[in-house]
Structures are given as C-alpha cells and as structure tokens.
Amino acid sequence: MNVGASTSCFYPLETEKALSEIINLGFKKTEIFFNTACELEPPFVNELKKTADENGVSVLSVHPFSSAIENTCIFGEYPRRFNDFIGLYQAHCHAAALLGAKYLVIHGARDKRKIPLSDEAYFERFYELIKLGRAEGITVCQENVNLFKSQHIGFMKRMRDALGDDFNMVFDVKQSIRAGYEPFEFLEEMKESVVHVHISDNDLPERDCIPPGRGSFDFKRLFNTLDKAGYKGDYVIEIYSRGLDVKEELAFSRSFFENM
C-alpha cells in the first residue's frame, strides 16, 4: 500500500507520540510535521529515525512548524529578516535528511497582503530554499494552500515556468477544494510537476475535509490520473483531529485503501 499518514493528524499530540500512533495503526509510510524548534535537534530527530526504522516505517516528507511565519520571515519585504530565518529552513532540511525523507513542504506567502512581494522576488526566495535542500539531498516543494499565493493555478504555472526543472509540487486535495478549484482541474494543469500528495475525503457541500472512505471523492480517478502522468510517489493522509476519533478513522481509511 502506497498510502501513509501524517503525524499532523494527531495534533496537538507530541510528534514522537503521534509517530508511535501511526506505527501502531500499521502504516509503513509517514510525513513528520515538526511542531517546535527543539524537535529539530539531531538527538530528537535521531530518536524519531530509530523508532521509524525499528518498525519498518519510511519517512517520506517533512513539514516545517514555521509555515505560519513564512509569509513575513521568508517571503516578506524585509531582507534582514529573511537572512535571520533562512537558517531555520536549513535545520529543517538537515532534519529531513537525517530521517531519510525526500521532501520539504513549503506553504509560502499569503495571497492578499498590504505590501505584496512580487512573484519574481518570491521565486528568487524560493530558489534559495531549493539550494538549501539540494545541499542535504532534499527536494523543496511548493504546496497548493488555500488563502496563499499557491492556491492559484496561474501562480503555480508562473512559478513552474520561472524555476523550470527545479519546480516540484505537493498537491493537497482539500486545499484545492477550499481554494475553489475542482481537484482534477488543478491536477490537469500541474500533474507533471507533482512529487508528493496529501489526501483527504469530502462530502460536499457539507464537509471539505473528512477521513478517506467517509465521503465521495474519487480516489481511483486520482490514482489513475497521476499514474498516467508517470507519478512514482506516495500518498499521505492529512486530516484534522478536531471532532474525530483519529485512531479509529485512520484505521478505517487504511482498510478502505487496502480493499480498494
């Protein structure tokens, strides 16, 4: 089964405990969502790696806890702030490398702001992140995120044109829906650039993010669409814990995919 689960599903459970929950549910692939700076220290990261290895679990990707400040600290207008915070992303890249992950997931800049950074400047800043990742053997990826510049197909196409072969995308089903795009509309334009996928289900118009198997999203079409595009990556369940028995729901979703 090429479906895993993100530790973020269990937030605010501590990262190492969330990893243990994913292991206990039988998943063999995961994304580590770091939640604070101390978790990037090598001793902590090495313990996560040891736990994953002992249980035959592959860490596919890393999600920075600093996504919430990327808007002003990486993609803001104040150059000195960028210089001060870029090291935090080097630390995330190094942690990803220690974990054996392939990808670092970036949210980027908010879509509407008082003094917007130009697209050209955004792409230049993003390329600096790409170089940090490359030094550690990590691919830095832009995720499509609602309310962010990356929610727009047009922006993502301009970014792809600007970065060329250095452009790689994380596609998130729920974020596409929240941004007003039918997911397969987004995929049709960007599928050749997708290297990693966050999945969830929906029962629109009621709910846009529910556990896979609980709604009506066409996962077979998703898998077939990306297979035909030559996708070789994996799929990670990313749902939100509020109001859910996460263990029960992830167990259900795992069974749903195994029996598909």
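Residues numbered from 1 in each chain as written. Predicted model: local features only at pLDDT ≥ 70, side-chain atom pairs only at ≥ 80, totals over all residues. Heavy atoms only, no water.

On to the overall build of the protein, then. The number of helices and strands found in the protein is 10 helices and 8 strands. For 260 residues, the compact-globule formula gives about 18 Å, and the C-alpha radius of gyration of the protein, at 17 Å, lands near that figure. The C-alpha extent of the protein, read off along each of the three principal axes, is 50 × 45 × 35 Å. Out of the 260 residues belonging to the protein, those deemed buried represent 53%. (Helix = DSSP H or I, 4+ residues; strand = E, 2+ residues; numbered from the N terminus. Rg over C-alpha atoms; globule rule 2.2 N^0.38 Å. Buried < 20%, exposed > 50% of the residue type's maximum accessible area, 1.4 Å probe, protein only.)

Pairing is parallel in the closed barrel, where 8 strands are placed in the order β1-β2-β3-β4-β5-β6-β7-β8. Averaged over all pairs of adjacent strands, the angle between their axes in this sheet comes to 30°, without regard to strand direction. Pairing between strand β5 (residues 139-143) and strand β6 (residues 169-172): 2 bridges, direction parallel. Residue glutamate 143 lies in a different strand from β6, and its bridge partner there is valine 170. Relative to strand β7 (residues 194-199), helix α9 (residues 219-228) is tilted by about 175°, and along the sheet it contacts β7 and β8 (235-237). (Pairing = 2+ DSSP bridges. Axes fitted to C-alpha atoms, helices over the stretch in contact; angles between N-to-C directions. Contact = heavy atoms within 4.5 Å.)

Right, let's talk about the layout of surface pockets for a bit. If a probe the size of a water molecule is rolled over the atoms, the empty space left behind becomes visible. Taken as a whole, the largest pocket holds about 390 Å³ of empty space. Every residue lining the largest pocket is counted, 21 residues in all, and those nearest its centre are Ser8, Phe33, His107, Glu238 and Tyr240. The residue inventory of the lining of the largest pocket, partitioned by class, reads 9 nonpolar, 8 polar and 4 charged. (1 Å grid on protein atoms, 1.4 Å probe; cavity = no way out; pocket = protein on both sides within 12 Å on 5 of 7 lines; lining within 4 Å. Points joined across faces, edges and corners; volume = space filled by probe spheres on them. Nonpolar A, V, L, I, M, F, W, Y, C, P; charged D, E, K, R; others polar.)

With that settled, the discussion passes to the packing of helix α2 (residues 42-54) against helix α4 (residues 79-99). Between two packed helices, both the angle of their axes relative to each other and the distance between the axes serve to describe the pair. Viewed as axis vectors pointing N to C, α2 and α4 meet at an angle of 30°, and their least axial separation amounts to 9 Å. Both α2 and α4 take part in a crossing whose hand is right-handed. Together, Pro42, Val45, Asn46, Leu48 and Lys49 of α2 and Ala95, Leu98 and Leu99 of α4 make up the contact between the two elements. Here the contact of α2 with α4 is composed, by residue class, of 6 nonpolar, 1 polar and 1 charged. (Left-handed = near helix turned anticlockwise from the far one by under 90°.)

With that settled, consider the pairing of strand β3 (residues 58-63). Counting buried positions along β3 yields 5 of 6 residues, so the element is predominantly enclosed. Across 5 bridges, the pairing between strand β2 (residues 29-33) and β3 is parallel. Residue pairing in the sheet places glutamate 31 in a bridge with serine 61 of β3. Each parallel crossover has a hand, and for β2 linked through α2 to β3 it is right-handed. (Right-handed = clockwise from strand over helix to strand, strands pointing away.)

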